[in-house]
Structure formats: C-alpha cells, structure tokens
Number of protein chains: 2
Amino acid sequence: MTKSLFDSRVPHPEPSTLSAFARNGLSRLAEGRAEDCLETAFAVEGAHILAFAGNKLILKHDSQVLDPLFAPYELPELKPDLENAVLLGHQPSGEPRIAVPVTCALEELASHFKAEDARTLYREELLGEELLGEVAQAVSLLHWNSTHKFCGRCGSATESRIGGYKRVCPSCDNQLFPRTDPVVIMLAVDEANDRVLMGRSHRFPEGMYSCLAGFVEPGETIEDAVRRETLEESGIQIGRVRYHASQPWPMPHSLMIGCFAEAVTLDIARDESELADCRWFTREQAEAMAENRSTDGTTAPLKGAIAYRLLRDWLDWVD
Amino acid sequence: MTKSLFDSRVPHPEPSTLSAFARNGLSRLAEGRAEDCLETAFAVEGAHILAFAGNKLILKHDSQVLDPLFAPYELPELKPDLENAVLLGHQPSGEPRIAVPVTCALEELASHFKAEDARTLYREELLGEELLGEVAQAVSLLHWNSTHKFCGRCGSATESRIGGYKRVCPSCDNQLFPRTDPVVIMLAVDEANDRVLMGRSHRFPEGMYSCLAGFVEPGETIEDAVRRETLEESGIQIGRVRYHASQPWPMPHSLMIGCFAEAVTLDIARDESELADCRWFTREQAEAMAENRSTDGTTAPLKGAIAYRLLRDWLDWVD
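Residues numbered from 1 in each chain as written. Chains lettered and ligands numbered in written order. Predicted model: local features only at pLDDT ≥ 70, side-chain atom pairs only at ≥ 80, totals over all residues. Heavy atoms only, no water.

Peer 1: Give a detailed account of the overall build of chain A, specifying residues and quantitative values.
Peer 2: Helices and strands together make up the secondary structure of chain A, namely 6 helices and 15 strands. For 319 residues, the compact-globule formula gives about 20 Å, and the C-alpha radius of gyration of chain A, at 22 Å, lands near that figure. Each principal axis of the C-alpha atoms in chain A carries an extent, and together these give about 60 × 55 × 50 Å. The burial tally for chain A puts 58% of its 319 residues in the buried class. Long-range pairs, those at least 24 residues apart, make up 65% of the contacts in chain A between residues at least 6 apart in sequence. Summed over all atoms, the accessible surface of chain A reaches about 13500 Å², with 48% contributed by carbon and sulfur. Of the charged side chains in chain A, 32 are positive and 50 negative; the average position of the first set lies 2 Å away from that of the second. (Helix = DSSP H or I, 4+ residues; strand = E, 2+ residues; numbered from the N terminus. Rg over C-alpha atoms; globule rule 2.2 N^0.38 Å. Buried < 20%, exposed > 50% of the residue type's maximum accessible area, 1.4 Å probe, protein only. Contact = heavy atoms within 4.5 Å. Areas by Shrake-Rupley, 256 points an atom, 1.4 Å probe, with all protein chains shown as cover. Lys, Arg positive; Asp, Glu negative; His and termini not counted. Charge placed at Lys NZ, Arg CZ, Asp CG, Glu CD.)

Shown next as structure tokens:
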C-alpha cells in the first residue's frame, strides 16, 4: 500500500486550525461578488453587522454578556459610514455578515457599549473562535479601505466597489485590491542538542520569549525569508526549512507563515536594535514555559499565537 | 535514532529553489537599510544597475550577448529617475545592485538596446537564474513605488526612503511599505484514482493546462484559501492541504504558495467565467504533458513555473 502524500508526522491534522483568528465559517464567494452585493446583503432578514470605531470592535454589554452583532436598525446611533462598509460573507444559514466603520467618537459611546481592538479580544478571550476569525477579516479589510481612500498613482479620491473588496480611481482607472502581508515566523531547532531558539523584542511583556519573525520581501521565497530573517536577527545560519502552519494576524493585515528552521550554526549574534535577548532553550525549559510552570520568570507566547503552536508541536512531535 | 523533523519524502531538498525568479544571491540586509544607502551604493566602485522602462528591463545587445548590467556612467542617455531608484542589495563581492526606472520612451531607445518584461525574460530564458531573481525583486519594488506616489490616507505626494523600501507622507506622517501578494496555487490530487486536477484559463495558450490558483484573502489561512479557491473554481471539495514550495512571481509582486490538495469529491462544476476547461488527468496523461510528448495537444506549464514543479514532484514522489 502506497503511503498518501498527505500523511505526516505532525501532531494534528491541520495545525493552522488551532491558532486564534484562523477559524472563519463564512462563505466568501470571492469570485462572485456583485457590484450591489452590499445593498442586497443589508436587505436580507437576519443580516448582522460588526461595527468598528477605528480598529476597535464595538460590543453591546450588560452584566452578563458581550454581544458584537448589530442588527441594521441598531446602527444609526453609532453614525455608520456605509460608503466604506465591507461584506464579509454569509453564514451557512444564508445570513450576511457585514463590517461597518462608524464615526461616533469612542467617548460619545453610550455606557452599554464598549470598544476593544483585535489583540485585546484575542488575549482576553472575549469572543468565540468563529467571531474572532470574522473580526480578523473585518479589521484587515476596513484598515485597507481606510488607507486607500486616495489613488497611489494619481492622488485622486477612490471609490469602494464589490462590497469593499476593490477600490477604483475614477480619474486614472487604477484598480486597487486588498492587501495581505506575508510574514515568516520560525522556530529554529538545534536537533543535535534538542534545543530551540527564541528571542524577545524590546516591546514584549517581561520574561516572554517567542519565535523570530519578519516580513517576506518582494522577490523572495518563504524559505529564503526564513533564512535571511533568522541570520539578520540572531546570527544563526539555517539549512532546511519546513512549513508548519499559517495564521491571519489582523495587525493590520498580515498572514503569518509558521515554519521550523534547521539551525546549522549555534553561536548567537543578536541584532540589538531588534531584540532585547535571544537564547537557546532546552526541551525541559521550553516545556516548562509552554505549560506556564517555568521557575525563572520566562514565559511562552499565548496559546492562540502561531509561535505557541510551533513550540508546542515541536515538543509533541510524532517520531 | 530519532528521525529529523526536516526529513521528508519530497523528491528535492528544497523545491522552492527549482522555479524561475526564486534564485537571488544578493544580501538584502533588510534590517540595516540606512537613509543614505542609495547614495552610498552608487558611489561604490563596481556598482551595477538594472534599468527599467516601465515594467521592461533594458538590455544592451550586440549579435553575441544580452547584457542587462549598466555602470552608472552609462545611465544618463536613458534619462534615469533617480528619485525612485531601489537598492536591491549587494553581491557577495560587496558590489551593489541598484534598480533604476528610466523615463526614455521605448521608441527612443538606441538600436543597441532592447527592452523585455519579466515574463518574456523567463519564457525565452534570456537571463541566468540569479539575474532573473534580481529582476523579480526589482520589478516588484519599482511597481510598488510607482503605484504609491501619493498617500492613500490623505492624497499628498509621498517620498522614497531607505533605498526604496519605504515611502513616507510628509503631510500626515503615513508610512508605506512594499507590498507582496500571497497567492495559493494547488494541484488537487485524487489519490484513489491516481489523477490530478488541472484547468485552463481563457487566456492560456491553446492546449495548456495548469494548477488552479487565487489570492489569499484577508483573514484566511493558506489551507482555507486552497479549499475555497478550488471549490469556487472547480466545485471540488478539498480535505488535507500540504505545502510544497513557494515562488516570487513579479506580475507585479506576488508570492506563489504551492500546495498539494487532497480531493474528497470528484465531480467537477467549473466556474465558466474563470476557466475555459477543467479536468482530471491520469498519471500517464500528466507524465506525457510534463515531458512534452502528449499526443492530444495538451501541454503542461513551463518548467520554471511552480505549477510545473507541483506536477513534476507529484509524478516523482518518493513513497
């Protein structure tokens, strides 16, 4: 019996499903977005709206629950900017989900509303996984629309089309499409000594270490980006690279591409402007960090982070 | 003996190195680009320039050779736009490589010059692999600079910084960074019947079939994008997804992410607006296409395409 191309020794069928922002049950029908799809969606019974003040999701709250889903009739008091709304997609039931930027200032919001950014929603586990995925999609698209109100080619005002997935310039006919920034994030592994490389950026919480990461540059493969970024930040040379999982990261519109990276040198030469520290961690140290029981003050990234996934799956690898 | 995390049954150590545009030996030093790095680079003895008229690389040619490398003193007759030049990086020898847009019209070019776009350079194998990689990087960055001359937030003129890797808006302090668009491209495999799915877009050369492909959307994992695009274009449902290789694709600045996709349904429902045809190909048919010996007029993508790599590596998979 021939083995399947899809067999692997990964501890999960699809590690990409296990990180925050990665679950999204909406049907996008990317190829079938009509010019009037937003109008049509607003008119559907049961349409629900995610409302954003800048990059913050507005939630209705009482003592019991936080509810981010607005019906169309609840929007006017938030002063919606319907010109820049985005059709996210449809629930399996057919119910449309729409993201709407609002112009109501945060300090003017009534006391039964609160507003939180995507990072806080994720860190404080304020939403279920599927809603968090919809928020990631919404934040990325609203940010892209808000930063492309003028044409980069000629400077004229642009207009939103096909539910917020395209903008056009009426002056020079330029067409603009949403942006997603690929970022490599990698756990470098020293297999001979059973250790992994992690660093801390100057802005990390005290004691937290994570995988190194950086933007893929134009004209670069994923593997070359992993090797370049690891070398630039830590001085460690990388041989083989193995893709592991991906994660949407809406700060504001990245695609994290998580890889294992084979360390072929061991002496660290840290880029001090980028990293406050960078070290090798033994399996025992890494396991204690991942399980929140390290005694030296070091901590791992949160469970929803793809960096946690890389660390955990290295620890749990199926031989 | 524990197996290495980096062992695999892939027929090559790193399939990403085998496609066009993927080799690039320049040191980018992404973290260390100084404000005056372009001026410094132009002053280095041995600095060489790739000159572009729009998206076309200018080559010096006589009856024997095509040479795309200009010395600084050769530039003036091409009317260089030095404000929008890009420092690509440095050769291992320390020699800088710079990309310069020129304003000389194509019809004004002297007869010992010719100008070709990246697709032609690749198809007609007019450059070595490393130069082709540098051209990919140059095309992506010059296109990005040329389409971000005005601020998307406020409409003011932007200015180039750190060798063309950043633009800033002096009016609103917006900072813009180069754009790379992740695209999934996938070979769907029906393992039970030993077949693969390929389609042809309306614009393909007669008889050519290739992998399905589409942009990763904001808020989507690579795996979800593979499943969504395959379903939307072909009606085929995908289960497991396996990353295989990546490729820079400078039309104008994509990152192709090549995957194998496990087909879990077999009945094709083609999106007629996207595809002129879509079919299953047996191993024998696929092998004949990849080896240019098919007798029914069907052909595979060119060898430098990541779609060819997916097809070839499926044929050559190590059990």
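Resuming the write-up.
Peer 1: Give me the interface of chain A and chain B: which residues, what numbers.
Peer 2: Contact residues are listed per partner, giving 71 residues for chain A and 70 residues for chain B. Across the chain A to chain B interface the summed buried area is about 6100 Å²; carbon plus sulfur atoms make up 52%. Counting the surface chain A buries against chain B, the share from its top three residues, L5(A), F6(A) and P218(A), is 14%. On the surface where chain A and chain B come into contact, there are 10 salt bridges. With a shortest N-O distance of 2.8 Å, E217(A) and R33(B) are connected by a salt bridge. (Buried area = accessible area lost by both parts, 1.4 Å probe. Salt bridge = Lys/Arg side-chain N within 4 Å of Asp/Glu carboxyl O.)

Peer 1: So, the pattern of salt bridges: which residues are in play, and what are the values?
Peer 2: According to the stated counting rule, one finds 54 salt bridges over all chains in the structure shown. With a closest N to O distance of 2.8 Å, R283(A) and D194(A) form a salt bridge. Taken together, the residues span a long stretch of sequence, with R283(A) in helix α5 (residues 283-290) and D194(A) in the loop between β10 (181-190) and β11 (195-201) at a distance of 89 residues. The shortest N-O distance in the salt bridge between E129(B) and R23(B) comes to 3.2 Å. Of this pair, E129(B) sits in helix α3 (residues 129-146) while R23(B) sits in the segment before α1 (37-43); the two residues are 106 residues apart in sequence, bridging distant segments of the chain. Linked through salt bridges whose partners overlap, the residues forming this network are R28(A), R33(A), E217(B), E220(B), R228(B), E229(B) and E232(B).

Peer 1: Give me the packing of helix α5 (residues 283-290) of chain B against helix α6 (residues 306-315) of chain B: which residues, what numbers.
Peer 2: All names here are of chain B. Contact pair α5 / α6: the axes reach a minimum separation of 10 Å and the direction vectors enclose 130 degrees. As far as their axial angle goes, α6 and α5 are oblique. As α5 runs across α6, the sense of the crossing is left-handed. Residue-level contacts link R283, A286, E287 and A290 of α5 to Y308, L311, R312, W314 and L315 of α6. Considering only residue class, the contact of α5 with α6 consists of 6 nonpolar, no polar and 3 charged. (Axes fitted to C-alpha atoms, helices over the stretch in contact; angles between N-to-C directions. Parallel < 35°, antiparallel > 145°, perpendicular 65-115°, else oblique. Left-handed = near helix turned anticlockwise from the far one by under 90°. Nonpolar A, V, L, I, M, F, W, Y, C, P; charged D, E, K, R; others polar.)

Peer 1: Go over the relation of the copies chain A and chain B, please, and point to the residues and values.
Peer 2: At an RMSD of 0.0 Å, chain A and chain B line up after a rotation of 180 degrees and a shift of 0.0 Å along the axis. Those values place the two copies in the arrangement expected of a two-fold rotation axis. Ranked by how close their C-alpha atoms come to the rotation axis, the residues of chain A are headed by G155(A), at 2.4 Å. Comparing interface residues between copies, 99% of those in chain A also lie at the interface in chain B; the contact surface is shared. (Least-squares fit on C-alpha atoms with pLDDT ≥ 70 in both.)

Peer 1: Explain the packing of aromatic side chains residue by residue, including any values.
Peer 2: Residue and element names in this part refer to chain A. Summed over the entire model, instances satisfying the criterion amount to 13 aromatic pairs over all chains. Ring centres of Y209 and F281 lie 5.0 Å apart, and the angle between their planes is 70 degrees; on these two criteria the pair is classed as edge-to-face. Taken as a pair, Y209 in the loop between β11 and β12 (212-215) and F281 in strand β15 (residues 275-282) lie far apart in primary sequence, 72 residues in all. Note on accessibility: Y209 and F281 belong to one class, buried. (Phe/Tyr/Trp six-rings, centres within 6.5 Å; stacked < 30°, edge-to-face > 60°.)

Peer 1: So what's going on with the environment of E220(B)? Which residues, and what values?
Peer 2: On the secondary structure map, E220(B) appears in the loop between β12 (212-215) and α4 (222-234). For E220(B), the residues in contact, after removing those within four places along its chain, are R28(A), P248(A), L255(A), F215(B), A225(B) and R228(B). Side-chain polar atoms of E220(B) contact the backbone nitrogen of E217(B), separated by 2.9 Å. Side chain to side chain, E220(B) and R228(B) meet in a polar contact 2.5 Å long. (Polar contact = N/O pair within 3.5 Å; in protein donor to acceptor, adjacent residues only side chain to side chain.)

Peer 1: So what's going on with the sheet that holds strand β9 (residues 175-176) of chain A? Which residues, and what values?
Peer 2: Read from one edge of the open sheet, 3 strands run β7-β8-β9 (chain A), paired in antiparallel fashion. Looking at the sheet topology across the chains shown, the edges are occupied by β7 (159-161) and β9 of chain A. (Pairing = 2+ DSSP bridges.)

Peer 1: Could you give an account of unusual backbone geometry, naming the residues involved and the relevant values?
Peer 2: Along the chain, M251(A) connects to P252(A) via a cis peptide bond; the corresponding omega equals 0 degrees. With respect to the helices and strands, P252(A) occurs in the loop between β13 (238-249) and β14 (254-263). One non-glycine residue, K79(A), lies in the positive phi region at around 60 degrees. You can see K79(A) is positioned in the loop between β3 (66-67) and β4 (86-90). Even without a glycine there, the phi angle at N292(B) is positive, about 55 degrees. Mapped onto the elements, N292(B) comes out in the loop between α5 and α6. Using a relative accessible area of 68% as the deciding quantity, one classes N292(B) as exposed.

Peer 1: Break down the sheet that holds strand β9 (residues 175-176) of chain B for me, citing the residues and quoting the values.
Peer 2: Residue and element names in this part refer to chain B. Reading across the sheet, the 3 strands line up as β7-β8-β9 and stay open at both edges, with antiparallel pairing between neighbours. Only two strands of the sheet have a single neighbouring strand rather than two, namely β7 (159-161) and β9. Sheet analysis places strand β8 (residues 166-168) next to β9, joined by 2 bridges and oriented antiparallel. In the strand pairing of β9, V168 is matched with Q175.

Peer 1: Can you explain the side chain of R309(A)? Please cite residues and give values.
Peer 2: Residues and elements named next belong to chain A. Assignment of secondary structure puts R309 in helix α6 (residues 306-315). Note on R309: relative accessible area 8%, which makes it buried. Beyond its immediate stretch of four places on either side in the chain, R309 contacts H12, P15, L18, S19 and H244.

Peer 1: Residue-level account of the pairing of β12(A), with values.
Peer 2: Look at any regular strand and the pattern is simple: side chains alternate between the two faces of the sheet. All names here are of chain A. Of the two faces of β12, only the one carrying L212 and G214 is buried; A213 and F215 on the other face are not. Two strands pair when backbone bridges link them, and β10 and β12 are joined in this way by 4 bridges, in the antiparallel orientation. Across the sheet, the residue bridging to I185 is A213, located in β12.

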